[in-house]
Amino acid sequence: MKVSRKLSIVAISLFLVVGTITSYDIIQKHRSSETVKMAQTTQNNLVNRLTSATGSTIHILNYSDMDIEKMADVYQLSTQERIQEQLLQLIESQTPTFTQPLIVSNPFLTNTTGLYLAFSTDEAVKISYRIDAQGYPSFEKNLKQNEEYATSHQYQIIGCIPNVDNLITLTATTQDGQQQQMQFHYTPPKLSTTSEMNYQLSKQESDESLSEGLFAVIGNQAGEKATYLVDNDGYIRAEIPIVNYNSMRLVFNDQQEMFMAVSDSKIVKINALGQVKQVLDLANTDYLLHHDYILNDKNQLIALATSKTAKKQAGYVEDRIITIDLSTQEVTEIANFEELLPDLYQKATGIEEHSNNKGYLDPVHINSLQLTDNQQLLVSSRETSTILALKPDEQGIYQVEYMMGDEAIWQGVGECGQLLLEKEGSFTSQYGQHSITYETAEDLSAGQYYLSFFNNNSTIMDSRIDISLAKIADKTAGKTSKYMKYLVDEKTNSYKLVESFDVPYSAYVSSVQNYQNHIIVDSGQQATFAEYTSSGKMIQRFTQKTDTKYLYRVYKYDFKNYYFD
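Only a predicted model underlies this, so the values are computations on that prediction, with no experimental measurement involved. (Residues numbered from 1 in each chain as written. Predicted model: local features only at pLDDT ≥ 70, side-chain atom pairs only at ≥ 80, totals over all residues. Heavy atoms only, no water.)

### With respect to the sheet that holds strand β18 (residues 331–336)
Consideration 1: Spatial ordering of the open sheet is given by β15-β16-β17-β18, a layout of four strands whose pairing is antiparallel. Two strands in the sheet have a free side with no partner beyond their single neighbour: β15 (287–295) and β18. Going across the sheet, the axis of each strand differs from the next one's by a mean of 30°, ignoring polarity.
Consideration 2: The pairing of strand β16 (residues 300–307) with strand β17 (residues 320–325) spans six bridges and is classified as antiparallel. Across the sheet, the residue bridging to Ala305 is Arg320, located in β17. (Pairing = 2+ DSSP bridges. Helix = DSSP H or I, 4+ residues; strand = E, 2+ residues; numbered from the N terminus. Axes fitted to C-alpha atoms, helices over the stretch in contact; angles between N-to-C directions.)

See the structure below:
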């Protein structure tokens, strides 16, 4: 099988592979035939920590004139465009083939152990790879291409074990099944934000196999922060360093691009090569991001926010919802809970004492949101232990349509109690819940949906000095958290508990996810997450080995049509 072929400039402009740098992206006036210099000169400390030349002809770009001193410098479009130009010049100076590909260590500085590969083949092929490191499990994937078989190839390889020798085997397969392999070695740098490369595994309760995918471990209390992609054996297969706060969740669009927060004022869009293609920067607006964001069908991100003005003038935090237009970057406030629930704000005068908002007023503390099929917003209010459904009016401003929570919390709070749906059956309400998840099913009637969440079952409510959750919750409160799932019926104005099981207690943060007929649960303050069967039997538990016990969220993604095929 003949697969070698010179990679010409024309081929670059015709790349069909996901995440490709096309001729449209090239800034023509900066193009040069000069070979890009390799980083043989001294680079700054951050670049040295994020790249490595140890292996088989591994290139490092020259960042010495880019003023990259911190991760905030990496997540600038100007920085990413200069990296892109240098990478293109390097490609033009090479003749990469399948047997001698161009290999660059983490060129865009967005994945510490990542590798960039480029080459061409005479015949159209599809590419798979396997990573082997002595003493560690193998990692095998089929790489994503826009066409099943292609002649021009660019990829990001993820999955290398940090700071050890990795043998990477590439396999090219033609349409008639012929195969050719090539191998190379790579030793990535150490992880830049943690000394641990894996999570401790615990005994299983079920012999079911874990679902396919990688766990995105989001949010930690370390001085330097990152989002980690963790395999089913507990090993970190990618480290995506960020600026501050946490990434909240990963959101994918139809163009094979991923949105992720990198700070409390910035969300970036990253392609499969690791290149930042868009930066949504709220630094010059009135808002700080927190907890959650989602993508709607209007080319907007819907995000939870704190008004800087309200925080400074009145002390209120984490009670706004905004939209960010992806085309214009215009920011619009669509919900202000001080206006939606004025009677609550008259009651909730207690000062926050336990969270990062210590010293401020946090009457609702919105911590997650979901968008329903009929454009309702479902939001979780930790401080009121209530889940609210918001519906837009003709001007697009959301109003409270109904709520689900303990009626004792809403007694005497104006007419808010009239918005509560009726509980069907006998069960204890949620307290301090996080990470609500909306789902529909073919067997449900119109107006019905499922709502899953992590019930922290916490008795902490600093905002209300007139009521004690400890007195109204059951005896498990403050000791055991729960995975819970409701069936909501909007036609009967009711909801019922259809599934629940105990999980390790976490007073704050934490998450749940229904994924490939399994359930992913993160007990954040225990720094542990687990995958369960659909009936609540634990398949595998993963526990952080460092002393810092905090994981904001853990969601699982298969990364198909992004990294993988």
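### Thoughts on the domain arrangement of the chain
Think of interface size as the accessible area that goes away when the parts come together; that is how it is often given.
Consideration 1: Split into domains, the chain comes out as domain 1 (45–186) and domain 2 (200–218 + 238–557).
Consideration 2: One C-alpha centre belongs to domain 1, the other to domain 2; they are set 36 Å apart.
Consideration 3: In total, about 1,800 Å² of surface goes out of reach between domain 1 and domain 2, with carbon and sulfur atoms giving 59% of it.
Consideration 4: When the buried area of domain 1 at its contact with domain 2 is split by residue, Tyr75, Leu77 and Thr110 rank highest and sum to 33% of it.
Consideration 5: The interface formed by domain 1 and domain 2 contains zero salt bridges.
Consideration 6: At the boundary of domain 1 and domain 2, one finds nine residue pairs in polar contact (both at pLDDT 80 or more).
Consideration 7: Elements represented by at least two residues in the side of domain 1 that touches domain 2 include exactly α3 (71–74), α4 (77–93), β3 (139–142) and β4 (150–157). (Domains from an automatic or database assignment. Buried area = accessible area lost by both parts, 1.4 Å probe. Salt bridge = Lys/Arg side-chain N within 4 Å of Asp/Glu carboxyl O. Polar contact = N/O pair within 3.5 Å; in protein donor to acceptor, adjacent residues only side chain to side chain.)

### Details of α4
Consideration 1: With 17 residues, α4 extends 24 Å from end C-alpha to end C-alpha; this agrees with the ideal 24 Å at 1.5 Å per step.
Consideration 2: Residues Thr79, Gln80, Ile83, Gln84, Glu85, Gln86, Leu87, Leu88, Gln89, Leu90 and Ile91 constitute the buried set of α4. (Expected span 1.5 Å × (residues − 1). Buried < 20%, exposed > 50% of the residue type's maximum accessible area, 1.4 Å probe, protein only.)

### Section: the sheet that holds strand β13 (residues 266–270)
Consideration 1: An order of β11-β12-β13-β14 is seen for the four strands of this open sheet, with the pairing classed as antiparallel. The strands lining the two open edges of the sheet, one partner per strand, are β11 (251–252) and β14 (276–281).
Consideration 2: Looking at chain direction, β11 and strand β12 (residues 258–263) are connected through two bridges and run antiparallel. Bridged to Phe252 within β12 is Met258.

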